[in-house]
Amino acid sequence: MRHLMSPLDFTTEELDRLFDLANDMERHMDKYAHVCDGKKLATCFYEPSTRTRLSFEAAMLNLGGKVLGFSDAGSSSASKGESVADTIRVISCYADICAMRHPKEGAPMVAASRSNIPVINAGDGGHQHPTQTLTDLLTIRSLKGRLDNLTIGLCGDLKFGRTVHSLIHALSRYENIRFLFISPEELRVPDYMTDMLKEKGIGYTEVIRLEDCIGDLDLLYMTRVQRERFFNEEDYVRLKDFYILDKDKLALAQKDMLILHPLPRVNEISVEVDDDPRAVYFKQAQYGVYVRMALIYTLLGLENS
Ligand code: CP
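Residues numbered from 1 in each chain as written. Predicted model: local features only at pLDDT ≥ 70, side-chain atom pairs only at ≥ 80, totals over all residues. Heavy atoms only, no water.

Moving on to the packing of helix H2 (residues 51-62) against helix H10 (residues 281-299). When two helices pack together, their arrangement is given by the angle between the helix axes and the distance between those axes. Contact pair H2 / H10: the axes reach a minimum separation of 8 Å and the direction vectors enclose 55 degrees. Comparing the axis directions of H2 and H10 gives the class oblique. Read as a crossing pair, H2 and H10 show a hand that is right-handed. Taking contact as the criterion, the partners of Arg51, Thr52, Ser55, Phe56, Ala58, Ala59, Met60 and Asn62 in H2 are, on H10, Ala285, Gly288, Val289, Arg292, Met293 and Ile296. Looking at the contact of H2 with H10 residue by residue, the class counts come to eight nonpolar, four polar and two charged. (Axes fitted to C-alpha atoms, helices over the stretch in contact; angles between N-to-C directions. Helix = DSSP H or I, 4+ residues; strand = E, 2+ residues; numbered from the N terminus. Parallel < 35°, antiparallel > 145°, perpendicular 65-115°, else oblique. Left-handed = near helix turned anticlockwise from the far one by under 90°. Contact = heavy atoms within 4.5 Å. Nonpolar A, V, L, I, M, F, W, Y, C, P; charged D, E, K, R; others polar.)

This is how it looks when you write it as structure tokens:
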């Protein structure tokens, strides 16, 4: 039995196979419409979500399976003090696979250690968001045609952003990747991440102004400043609109630069940018369904059935 806690749980060869499968599922939905007949996915979400939970559910329904679960801790027995370890043992009696989001770093890992079914980390605190990373990688590979030889700008909350941390880890395994970290001083990428890049000899530059580097980028990964990760409302208010990507800034970018965003968006991308062909964040959300279909299929071991 296999779980997914980090994007590094799959080798790059396994990721290639997963993405090939996701692309095949996108092209031939009918072929996979009944592969999960009789199977159930549990979505255990202790934190709010639109995309991750609903794309997991859409993915399982597209495969012919069924879904059950809860969308906030308050409506589960966690509100009565039940531990994640006990909850997953019970969920294992009801479902074949589980996607879990939790505000505490490591909670899905605890669940995996006690589970009789595959557990997928659907986001744990400010730590990791591996299925968002699979979505991001599939989007980049499908639209750019490669995952190597890229200059990638990550902009916004690089300190608390779990999507950013997972993506940096995942992309650092490909050849000739260069990162530009664009953030205010207070939201810089953590030292343990830059230490990891130094150890691997991967180039990165930290900048404050998006205008100063947008012209160099093959990809711009925008992120939201996350109110829920701040201890202090004043700091949040001061930083929340630090970056706003608008048409004027986009005019400085390359003609084929892609703009990704894990969403939800608040103010960091002006809606006037949405119609620009480089803005692919809604397409990215669609890729999230295909890659989660491929992931469920793979973790249930259906490729050999
Ligand atoms: N990208 C993402 O995780 O979105 P949700 O919080 O809506 O699931």
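With that settled, the discussion passes to the layout of surface pockets. Estimated volume of the largest pocket: approximately 390 Å³. As for the largest pocket, its lining consists of 22 residues, of which Arg162, Arg224, Gln226, Leu263 and Pro264 are closest to the centre. Every element with two or more residues in the lining of the largest pocket is listed here: H2 and helix H6 (162-171). Grouping the constituent residues of the lining of the largest pocket by class yields four nonpolar, 10 polar and eight charged. Each of domain 1 (7-128 + 288-304) and domain 2 (131-285) contributes no fewer than three residues to the lining of the largest pocket. The calculated volume of the second largest pocket comes to roughly 160 Å³. Lining the second largest pocket, in full, are Arg2, Phe10, Glu14, Arg17, Leu18, Leu21, Tyr297, Thr298 and Glu303. If one sorts the elements of the lining of the second largest pocket by residue count, helix H1 (residues 12-27) sits on top with four residues. Partitioning the lining of the second largest pocket into residue classes produces four nonpolar, one polar and four charged. (1 Å grid on protein atoms, 1.4 Å probe; cavity = no way out; pocket = protein on both sides within 12 Å on 5 of 7 lines; lining within 4 Å. Points joined across faces, edges and corners; volume = space filled by probe spheres on them. Domains from an automatic or database assignment.)

What follows covers empty space enclosed by the protein. The rolling of a water-molecule-sized probe over the atoms marks out the regions of remaining empty space. Enumeration according to the criterion identifies one cavity of 30 Å³ or more in this entry. Here the largest cavity defines a volume of roughly 40 Å³. Around the largest cavity, the lining residues are Arg224, Val225, Tyr236, Lys240, Asp241, Val266, Asn267 and Glu268. Within the lining of the largest cavity, the residues separate by chemical class into three nonpolar, one polar and four charged.

This part covers the nonpolar core. Note on soluble globular proteins: their nonpolar side chains tend to be buried together. Counting 60 residues, the largest nonpolar core has Phe19, Leu154, Ile168, Phe179 and Ile296 as its most contacted members. Of all the elements, H10 adds the most residues to this core, at 10 residues. Two domains share this core, each providing at least three of its residues, namely domain 1 (7-128 + 288-304) and domain 2 (131-285). Leaving out residues up to four positions away in the same chain, Ile168 has contacts with Leu154, Phe179, Phe181, Val189, Met193, Met196 and Leu197. Grouped together as the second largest cluster of nonpolar side chains are 21 residues, Leu217, Leu220, Met257 and Ile259 included. (Core = buried A, V, L, I, M, F, W, Y, C linked by side-chain atoms within 4.5 Å. Buried < 20%, exposed > 50% of the residue type's maximum accessible area, 1.4 Å probe, protein only.)

So yeah, pure geometry; function would need other evidence.
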